[in-house]
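This is what each chain is made of:
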Amino acid sequence: KQMFSKFFNWLFNNTNVPGAYLNSYSHKVFRIIILILSLLALLNAQQSLRRFDKLSVAEGLSNHVIYSLFQDSKGFLWFGGEGGLNRYDGYGVKIYKHDPANPYSLRNNMVLDILESHHADTSFLWLKTSHGLERLNLLTDQFTLLRHDPDDSTSISSNNIRGLFLGKSGCV
């Protein structure tokens, strides 16, 4: 509210603007043009927002049981549940499920939690599933199952995943 008050005060009352070549009348015209352009930009931004009232199996979801809902940095809505992972882009749903013929598909269709992280130029979705931790590379659309390996000190510490959290350094 205070920001709008300052803006309108500047727009209509302030005549102490640098530049002797502009008179008070031309300043007000210039300010009104800025106001109109700002309002048009705001209206255009409002029109680009997508809205939906419901999203169900009839609209494309893989299953009616959803355990996790997440909005990523690009605005996609991700739904995790008993039917795998679903991505809603405002127009339709893309379903990710286990495909035995594809070694890079989702390994487990029971998605319980979703988190996003960024590393260099790549974004990842991290998925807590009923069988552990999976990672989706958003550039390649390939899943990786992460398992504990007692012989590998860089592997995850346990296959029992209780939750997903992003640390201050960007580590999951």
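So, a few notes on the structure that sits alongside this text. (Residues numbered from 1 in each chain as written. Predicted model: local features only at pLDDT ≥ 70, side-chain atom pairs only at ≥ 80, totals over all residues. Heavy atoms only, no water.)

A few words on the packing of aromatic side chains. Within this structure, the stated rule accounts for three aromatic pairs. Residues Tyr 96 and Phe 143 carry aromatic rings whose centres are separated by 5.6 Å and whose planes lie at 70 degrees to one another, so their mutual orientation is edge-to-face. Taken together, the positions of Tyr 96 in strand 4 (residues 93-96) and Phe 143 in strand 8 (residues 142-146) put the pair 47 residues apart, joining distant regions of the chain. When sorted by exposure, Tyr 96 lands in the same class as Phe 143, which is buried. Look at Phe 124 and Trp 126: their rings are 6.4 Å apart centre to centre, the planes differ by 55 degrees, and that puts the pair in the tilted class. The burial state of Phe 124 is the same as that of Trp 126; both residues are buried. Grouped by ring-pair contacts, the aromatic residues Trp 78, Tyr 96 and Phe 143 constitute a single cluster. The ring centre of Phe 76 lies 4.6 Å from the NZ or CZ of Arg 87, which sits over that ring. Cation over ring: Arg 135 sits above Phe 124, and NZ or CZ is 4.7 Å from the ring centre. (Phe/Tyr/Trp six-rings, centres within 6.5 Å; stacked < 30°, edge-to-face > 60°. Helix = DSSP H or I, 4+ residues; strand = E, 2+ residues; numbered from the N terminus. Buried < 20%, exposed > 50% of the residue type's maximum accessible area, 1.4 Å probe, protein only. Lys NZ or Arg CZ within 6 Å of the ring centre and 35° of its normal.)

With that settled, consider the nonpolar core. Counting residues in each nonpolar core, the largest one holds 11 residues, listed as Phe 70, Trp 78, Leu 85, Tyr 96, Leu 106, Val 111, Ile 114, Leu 125, Leu 127, Leu 136 and Phe 143. The set of elements that each furnish at least two residues to this core consists of strand 5 (111-119) and strand 6 (122-129). Leu 115, Leu 133, Leu 146 and Ile 161 belong to the second largest nonpolar core, which has seven residues in total. (Core = buried A, V, L, I, M, F, W, Y, C linked by side-chain atoms within 4.5 Å.)

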